[in-house]
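Structure assessment
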Amino acid sequence: MAVGGFATSAGGAEFEAKITPIVIISCIMAATGGLMFGYDVGVSGGVTSMPEFLKKFFPVVYKKTQDKTLNSNYCKYDNQGLQLFTSSLYLAGLTATFFASYTTRRLGRKLTMLIAGVFFIMGVVLNAGAQNLEMLIIGRILLGCGVGFANQAVPLFLSEIAPTRIRGGLNILFQLNVTIGILFANLVNYGTAKIKGGWGWRLSLGLAGVPALLLTVGALLVVDTPNSLIERGRLDEGKQVLRRIRGTDNIEPEFLELVEASRIAKEVKHPFRNLLLRKNRPQLIIAVALQIFQQLTGINAIMFYAPVLFDTLGFKSDASLYSAVITGAVNVVSTVVSIYSVDKLGRRVLLLEAGIQMFFSQLVIAIILGLKVTDHSESMSSGFGILVVIMICTFVSAFAWSWGPLGWLIPSETFPLETRSAGQSVTVCVNLLFTFGMAQAFLSMLCHFKFGIFLFFSGWVLVMSFFVLFLLPETKNIPIEEMTERVWKQHWFWKRFMDDDDMEDTTGAYGNGSRKISHINNGVDPTTRL
């Protein structure tokens, strides 16, 4: 039955849509932005554990790693310059996010992804050919600009182009590609570390050009989203693209809703200011909290510095890189689990189960390190070493099917169109800010906290699990434009933010669910209102 132009199902309002080849291909191509991001995350840890790289750019650290008598096992990589090499990418991404918000809104998701690809390619060229620390850092900054643009555009693109019933799985393609990129980087580092002549690190950094080219070519081939085209006034083109990606001629109900959402969005002159309205507070708080909590799990600390971490814990060089490859493989497989389960089990179940698993594994790691790794011990026994790797893999697997992909998915599907670009910008900004902080601080924290760093992270895992239990609503199988009516107005806590004095026409702050398209019911084509 049809009500108000919507095709309804037992689960509520849904639009007719087939899973078309163009949707699958577009999403795969767009998600290569995650491949580039993941490679950047994974490659830095392996490169910074290579003696020739350290000797050329960080001779002080190199001397500390060679002198086993003067330094604590936990402190031999503690160097602000070395941490800046890793973290500068995320600081640049943080800055680029604000520009990416403008291009995503004004120029479209497709062009923003293309800009990201160009930045990535320039950064790769500088890094691979670096002759001094300045070239190295500038290259990382350019890569960071690419990260800022890609992380802004790709999750929005995936959420907007995917049919509602598989939106979660397709969106997680971005995170899957992040994990594949990390694994690819770990495998490359494992191979290049064995190259004679001391130039293996250049190959590691240069091979980032492969995902960079994939993203650039992909951005040239994909179509822009109907949401973006309509938002920019290209109604006919938006309608044609919607018909192509949905694989049906019955797209009028969804088209009219997108047009009305765009009309309301255009009334919002200051989207960032609109984010601060009381009725937008639930989405904003949850988006920001998810990004902070995602970093406070400790995952990026492990992924950035996995080879360095394993070397610190007493593993020999080959063993540390090999262990990093294992954790990278676990990361990929577990993200695939999330793709198949997120739209069946829901977001909350995955996050809560993972909280228990991550808390337990970090507790065990802390106990083993506290008992077996002292400041100057050369190594732990192979049995305990294997147990540490198993527990790290247990932690990584839980993160990979929960906080990793869902930290991006949930914000991208909860903001209404009028604040979606600004909301995604804040999401990426907060994520990169805390990623930068963690990358800049981890080696120093490892030096001072020692094994206690895992207790620090496990405490935060406990906090974030309670946050999910009480404050995070389920968004599984709910159309993006129906979130206000079916999620926020039904939640025991957040519903109090939905009936406030902010809701006047001049701000466009109707609450996206209450758009219910009165113009459609009155027989008025909303395209005439634009």
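The preceding data block contains the structure.
Residues numbered from 1 in each chain as written. Predicted model: local features only at pLDDT ≥ 70, side-chain atom pairs only at ≥ 80, totals over all residues. Heavy atoms only, no water.

For the rest of this paragraph, the subject is the environment of Thr48. Along the chain, the position of Thr48 falls in the loop between helix H2 (32-47) and helix H3 (51-57). Looking at Thr48, the relative accessible area reads 1%, which means it is buried. Taking the C-alpha atoms as reference points, Thr48 and Tyr62, 14 residues apart in sequence, are found 9.9 Å from one another. Polar contacts involving the side chain of Thr48 include one to the main-chain carbonyl oxygen of Ser44, which spans 2.8 Å. (Helix = DSSP H or I, 4+ residues; strand = E, 2+ residues; numbered from the N terminus. Buried < 20%, exposed > 50% of the residue type's maximum accessible area, 1.4 Å probe, protein only. Polar contact = N/O pair within 3.5 Å; in protein donor to acceptor, adjacent residues only side chain to side chain.)

Before going further, it helps to examine unusual backbone geometry. For Lys450, which is not a glycine, the phi torsion comes out positive at approximately 55°. Tracing the chain through its elements places Lys450 in the loop between helix H22 (417-449) and helix H23 (452-471). Overall, the relative accessible area of 25% leaves Lys450 in the partly exposed class. Residues other than glycine seldom take positive phi values, yet Asn477 does so here, at roughly 60°. Structurally, Asn477 is set in the loop between H23 and helix H24 (483-486). Here Asn477 falls in the partly exposed class, since its relative accessible area comes to 27%.

Phe53, Phe120 and Trp403 are the most contacted members of the largest nonpolar core, which has 134 residues in total. Each of domain 1 (19-224) and domain 2 (276-499) gives at least three residues to this core. Dropping the residues within four chain positions of it, Phe53 is found in contact with Val47, Thr48, Phe58, Phe85, Leu136 and Trp201. Residues Leu275, Leu284, Phe415 and Ala422 belong to the second largest nonpolar core, which totals five residues. (Core = buried A, V, L, I, M, F, W, Y, C linked by side-chain atoms within 4.5 Å. Domains from an automatic or database assignment. Contact = heavy atoms within 4.5 Å.)

Function cannot be read off these values alone, since they describe shape.
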